[in-house]
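Fold and contact review
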Amino acid sequence: MTVYTERINKVRKELEQLDAEAALITSPLSVAYLTGFACDPHERFLGLLLREDGAVLFVPSLEKEKAESELGGAGSSIHEILGVQDTDDPYDKVKQNGGLSTVRRLAVEKEYMKLGHAERLGAVFEGLTFTDIGGLVSRMRNRKTPEEIAKLKAAAVLVEDVLAEGLKRVKAGVTELELVAELEYIMKKKGADGPSFDTMVLAGANSALPHGVPGATKVQEGAFLLFDLGVFKDGYCSDITRTFVVGEPSAEMEKIYNTVLAAEEAAIRAVQIGRPLAEVDRAARSVIEDAGYGRYFTHRTGHGLGMEVHEYPSVHGANEEAMEAGMVFTIEPGIYVPGVGGVRIEDDVYVTESGAGLLTSFPKALTRLEI
Ligand code: MN
Ligand code: MN
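What counts as what
- Residues numbered from 1 in each chain as written.
- Chains lettered and ligands numbered in written order.
- Predicted model: local features only at pLDDT ≥ 70, side-chain atom pairs only at ≥ 80, totals over all residues.
- Heavy atoms only, no water.
- Axes fitted to C-alpha atoms, helices over the stretch in contact; angles between N-to-C directions.
- Helix = DSSP H or I, 4+ residues; strand = E, 2+ residues; numbered from the N terminus.
- Parallel < 35°, antiparallel > 145°, perpendicular 65-115°, else oblique.
- Left-handed = near helix turned anticlockwise from the far one by under 90°.
- Contact = heavy atoms within 4.5 Å.
- Buried < 20%, exposed > 50% of the residue type's maximum accessible area, 1.4 Å probe, protein only.
- Pairing = 2+ DSSP bridges.
- Core = buried A, V, L, I, M, F, W, Y, C linked by side-chain atoms within 4.5 Å.
- Domains from an automatic or database assignment.
- Donors = N, O, S within 2.8 Å, 3.2 Å for Na, K, Ca; no water.
- Expected span 1.5 Å × (residues − 1).
- Arc of directions from axis to C-beta.

1. Looking at the packing of helix H4 (residues 90-97) against helix H5 (residues 115-124)
Contact pair H4 / H5: the axes reach a minimum separation of 9 Å and the direction vectors enclose 40°. Here H5 runs oblique to H4, going by the angle between their axes. In this structure, H4 meets H5 at a crossing whose hand is right-handed. Only His117, Arg120, Leu121 and Val124 of H5 make contact with H4, whose side of the interface consists of Pro90, Tyr91, Asp92 and Lys95.

Encoded structure:
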């Protein structure tokens, strides 16, 4: 049995629990996760209809040939692949070809499905109600297989190579945006499918903005320089942050840096199967609070990572959900002092029997860059 058949069967099994006749999965990443067929349909309809006794994949008709060549072989868990023309009503097509004349209750990814699409489904299947299957798919997606961990590791190794190369481009007069352009160029040159999010380079006081936008600010002597970047590679993401000092740091900058580093390492040590995710956040936060910077750590400690750069679960202080083997998330505490600058250190980790496994390994000790 392929990993895709196993995944599809798991969703199918849930239908009975949910008292639903079928599931309609429409998030392209979930479809890729469940079938192995990766497709960006843009605004067109892509849907995987799962009944207890069958699976039908609806793809934009221009993708049908690709879907058939990738999924059509013997042993495929997809029973039928149907092309949806631009002139078709996709919901009517689902009704005509999904093997279901009536559906009372349909499982969908509620956080993904748009209200307009839900209403059109409701118009096609009279008296339809919805139940959520998104949580199950998210939880399945977060427990990575060894093959997925290997892909995440490859994405992490690649981005660290990009960062090392990009640091050589830091010189007097270079702007944040120029460094972003260099990094994204290096990513492609080194074989990344693309950045997994907009590359961030923030110089000086801008580094105090956790979601700052790189611009015309030049690297500055005696200030922080923050890099937050990631790549897509073979369908999986990396996400790393390192903060450097250009020239000589002040005593306060050194204290801020070493506090974030201690917090990040404490959070990594808090990773343990069976313990709540909240403890990872608390471990980082208590180090920062004890150093007197609590009010400058303004975000959660991390987020799930996989086919998407931000996915389930959220690593925050109120998430009492237990860590499980194979979960992958980021650990990225920061201190952002307005006017002084900010430091964030971010690693990607996975949960193992013996604590955190590290996907990223770029050096973290305070590093001075000379310009
Ligand atoms: Mn990041
Ligand atoms: Mn992140």
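And the narrative resumes.
2. Examining the pairing of strand S15 (residues 328-331)
Here S15 shows a buried face lined by Val328 and Thr330 and a second buried face lined by Phe329 and Ile331. Judged from the four bridges that link them, S15 and strand S18 (residues 347-352) form a sheet pairing that is antiparallel. Within S18, the residue paired with Ile331 across the bridge is Asp347.

3. What to know about the nonpolar core
With 39 residues, the main nonpolar core has Val11, Leu34, Leu48, Leu57, Ile78 and Ile133 as its most contacted residues. Split by domain, this core shows at least three residues from each of two domains, domain 1 (3-141) and domain 2 (143-369). Setting aside residues no more than four positions away along its own chain, Leu34 makes contact with Tyr4, Arg7, Ile8, Val11, Ile25, Leu48 and Met140. Core analysis: the second largest hydrophobic core is formed by 33 residues, Ala270, Ile288, Tyr293 and Val315 among them.

4. Description of unusual backbone geometry
The omega torsion of the bond from Tyr312 to Pro313 falls at 0°, within 30 degrees of zero and hence cis. We note that Asp19 has phi near 55°; this positive angle belongs to a residue other than glycine. Tracing the sequence through the fold places Asp19 in the loop between helix H1 (3-18) and strand S1 (22-25). Here Asp234, not a glycine, exhibits a phi torsion of approximately 50°, which is positive. For Asp234, the location among the structural elements is in the loop between strand S10 (231-233) and strand S11 (236-237).

5. Comments concerning the coordination of the manganese ion (ligand 1)
Ideal geometry at a metal centre: 109.5 degrees between donors when four sit tetrahedrally, and 90 or 180 degrees when six sit octahedrally. Looking at the metal site, the manganese ion (ligand 1) is ligated by Asp228 (OD), Asp228 (OD), Asp239 (OD) and Glu346 (OE), spaced 2.0 to 2.7 Å from it. If you list the donors of the manganese ion (ligand 1) from N- to C-terminus, the spacing comes out as D-x10-D-x106-E. Between the manganese ion (ligand 1) and the manganese ion (ligand 2) the interatomic distance comes to 3.1 Å, and Asp239 is a ligand of both metals. One end of the pair, Asp239, is in the loop between S11 and strand S12 (240-246); the other, Glu346, is in the loop between strand S17 (341-344) and S18, and 107 residues separate them in sequence.

6. Quick look at H1
With 16 residues, H1 extends 23 Å from end C-alpha to end C-alpha; this agrees with the ideal 22 Å at 1.5 Å per step. Of all the residues in H1, the buried ones are Thr5, Arg7, Ile8, Val11, Arg12, Leu15 and Leu18. The buried residues of H1 occupy one face: seen down the axis, they fall within an arc of 165°. Residues of H1 that are exposed and angled more than 90 degrees away from the buried face: Lys13, Glu16 and Gln17. Looking one or two residues past H1, Asp19 carries a phi angle of roughly 55°, positive in sign.

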